[in-house]
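# Chain and residue survey
Chain residues, written in single-letter form:
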Amino acid sequence: MSVSKGRWRLYVVLMNTAARWPEYSFDRAAPVPTFTERAEALGVLGFEPVPGAAWTWVEDSQDPDDPASAVVLIAAVQVRSWTGAGA
């Protein structure tokens, strides 16, 4: 999950495929989507967090070579499809 073009978006990274990743837009930059909103968005896409998985947050920058560059927050959690297949 990250902010892109002024909106939080959640996407599921699909491994070993060229298929487009499932994506959900929250249509806002603030506030950060709650845990419940994130879980509901995953459900809309047909996924759920793996039991016991925790969200991790990483701080990055738009331009790694510029220390004054805007901060970018990226969140991740391990998920599985409703059928139990990992993603």
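Read on for an overview of the structure.

## What about the overall build of the protein?
When you go through the protein residue by residue, the secondary structure sums to 1 helix and 7 strands. In the protein, the order of α-helices and β-strands from amino to carboxyl end is β-β-β-α-β-β-β-β. Reported as C-alpha extents along the three principal axes, the dimensions of the protein are approximately 45 × 30 × 25 Å. Residues classed as buried in the protein amount to 24% of the 87 residues present. Once local pairs closer than 6 in sequence are excluded, the contacts in the protein between residues at least 24 apart make up 39%. Carbon and sulfur atoms make up 54% of the accessible area of the protein, which totals about 5,900 Å². When the 7 basic and 10 acidic side-chain charges of the protein are each reduced to a single mean position, those positions are 8 Å apart.

## What to know about the packing of aromatic side chains
The final tally for this structure, using the stated rule, is 3 aromatic pairs. When the ring of Trp-8 is compared with that of Trp-57, the centres are 6.0 Å apart and the planes differ by 85°; the resulting orientation is edge-to-face. Of this pair, Trp-8 sits in strand S2 (residues 7-11) while Trp-57 sits in strand S5 (residues 56-61), placing them 49 residues apart in sequence. Look at Tyr-11 and Trp-21: their rings are 5.9 Å apart centre to centre, the planes differ by 15°, and that puts the pair in the stacked class. Of this pair, Tyr-11 sits in strand S2 while Trp-21 is found in the loop between S2 and strand S3 (23-25), placing the two residues 10 residues apart along the sequence. By relative accessible area, which is 22% here, Tyr-11 ends up partly exposed. For Arg-38, the ring lying beneath its charged end belongs to Trp-55, and the centroid distance is 4.8 Å.

## Section: the environment of Trp-82
The residue Trp-82 is located in the segment after strand S7 (79-81) in this model. A sequence separation of 42 residues divides Trp-82 from Glu-40, and the C-alpha atoms of the two residues are 13 Å apart. The residues contacting Trp-82, other than those within four sequence positions of it, are Gly-43, Gly-46, Phe-47 and Glu-48.

What counts as what
- Residues numbered from 1 in each chain as written.
- Predicted model: local features only at pLDDT ≥ 70, side-chain atom pairs only at ≥ 80, totals over all residues.
- Heavy atoms only, no water.
- Helix = DSSP H or I, 4+ residues; strand = E, 2+ residues; numbered from the N terminus.
- Buried < 20%, exposed > 50% of the residue type's maximum accessible area, 1.4 Å probe, protein only.
- Contact = heavy atoms within 4.5 Å.
- Areas by Shrake-Rupley, 256 points an atom, 1.4 Å probe, with all protein chains shown as cover.
- Lys, Arg positive; Asp, Glu negative; His and termini not counted.
- Charge placed at Lys NZ, Arg CZ, Asp CG, Glu CD.
- Phe/Tyr/Trp six-rings, centres within 6.5 Å; stacked < 30°, edge-to-face > 60°.
- Lys NZ or Arg CZ within 6 Å of the ring centre and 35° of its normal.

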